[in-house]
Amino acid sequence: MRTSTLLALMWLSGCRTVAAGVVERADALLADYRNRTPPTWEAPADSAPPPWAPGQFTVYSRASEGRVVLERVALRRGRGDDVRVAVDRLGGGEQLRVHLTLARQPAGREELAALVLEAWVTRGEGPEIHTLGAAPADVLSLAADLLISPPQDSASETIVVPAGRFEGCVGGAHALVPISGVVRQRPGGDLRELLEFGDDNGGALF
């Protein structure tokens, strides 16, 4: 076998191993979340999510056509009015790590791109890519899904997800859940469900 062919096979084998490891870790994390006993969260008097603060995080599963990935967003301390955001995605044979610096908390999806001061993006085992004043379109879309609160224009309902039983949800969101408030949502036809949330920078995927 020629050296070039052998090297190509070794490279392909390594890629399959990395992808398989990603899938196994995502599956193990998801199974752990689903095996937990979900607590009950009652609706507080205030229907808005708590103000953004460093340490807040949420972890979601996102299912699409039989493929499930895990998504985590966390807030970090910035300088002045800056907002530091960490976004991780794991599953489906891929992994993504993102760090964004925003000029301030966005009021909606439409202004998110304009508020990006810096972005650091790492895809799989590739190098970290740093950009100023911009971020890739797919990263902005994912960040918007995880950061922006949905419209509060529906009737109150109870939603049960791995993170618990949430009473008094409006628009798929609950006031005790930080950052976006989302408990269950269907962005682009996918199904996102809350797995964990808190204010201690927990829920790490990697």
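Placed above this text is the structure.
Computed from a prediction, not measured in an experiment: that's the story for all the values here. (Residues numbered from 1 in each chain as written. Predicted model: local features only at pLDDT ≥ 70, side-chain atom pairs only at ≥ 80, totals over all residues. Heavy atoms only, no water.)

Asks: Please set out the pairing of strand S11 (residues 191-198) residue by residue, giving values where relevant.
Replies: Buried residues dominate S11, accounting for six of its eight residues. Of the strand pairs in this sheet, strand S2 (residues 57-64) and S11 are connected by seven bridges, and their pairing is antiparallel. Bridge pairing in S11 places Val-59 opposite Glu-196. (Buried < 20%, exposed > 50% of the residue type's maximum accessible area, 1.4 Å probe, protein only. Helix = DSSP H or I, 4+ residues; strand = E, 2+ residues; numbered from the N terminus. Pairing = 2+ DSSP bridges.)

Asks: So what's going on with the nonpolar core? Residues and values would help.
Replies: Counting 35 residues, the largest nonpolar core has Val-85, Leu-100, Leu-102, Leu-147, Phe-166 and Leu-194 as its most contacted members. Every element with two or more residues in this core is listed here: strand S3 (67-76), strand S4 (83-91), strand S5 (94-102), strand S6 (116-123), helix H3 (137-147), strand S8 (157-161), strand S9 (164-169) and S11. Considering each element in turn, this core owes the most residues, seven residues, to H3. By size, the runner-up hydrophobic cluster in this structure holds twelve residues, among which are Val-22, Leu-30, Phe-57 and Leu-90. (Core = buried A, V, L, I, M, F, W, Y, C linked by side-chain atoms within 4.5 Å.)

Asks: Could you give me a rundown of the environment of Pro-39, with the residues and numbers involved?
Replies: Inspection of the secondary structure assignment puts Pro-39 in the loop between helix H1 (3-34) and strand S1 (40-41). When its relative accessible area of 36% is taken as the criterion, Pro-39 is described as partly exposed. Sequence spacing of Pro-39 and Arg-165 is 126 residues, and the spatial spacing of their C-alpha atoms is 6.1 Å.

Asks: Could you give me a rundown of the side chain of Thr-58, with the residues and numbers involved?
Replies: Relative to the elements of secondary structure, Thr-58 occurs in strand S2. The exposure class of Thr-58 is buried, given its relative accessible area of 0%. Setting aside anything within four residues of it in sequence, one finds Thr-58 in contact with Glu-71, Arg-72, Val-73, Val-177, Pro-178, Ile-179, Leu-194, Glu-196 and Phe-197. (Contact = heavy atoms within 4.5 Å.)

Asks: I'd love a proper account of the sheet that holds S11, names of residues and values included.
Replies: Within the open sheet, the eight strands sit side by side as S7-S6-S5-S4-S3-S2-S11-S10. Their pairing is antiparallel. Only two strands of the sheet have a single partner each, and these edge strands are strand S7 (128-132) and strand S10 (184-185).

Asks: Explain unusual backbone geometry residue by residue, including any values.
Replies: Backbone geometry at Ile-179 places phi at a positive 70°, although glycine is not the residue there. Tracing the sequence through the fold places Ile-179 in the loop between S9 and S10. For Asn-201, which is not a glycine, the phi torsion comes out positive at approximately 60°.

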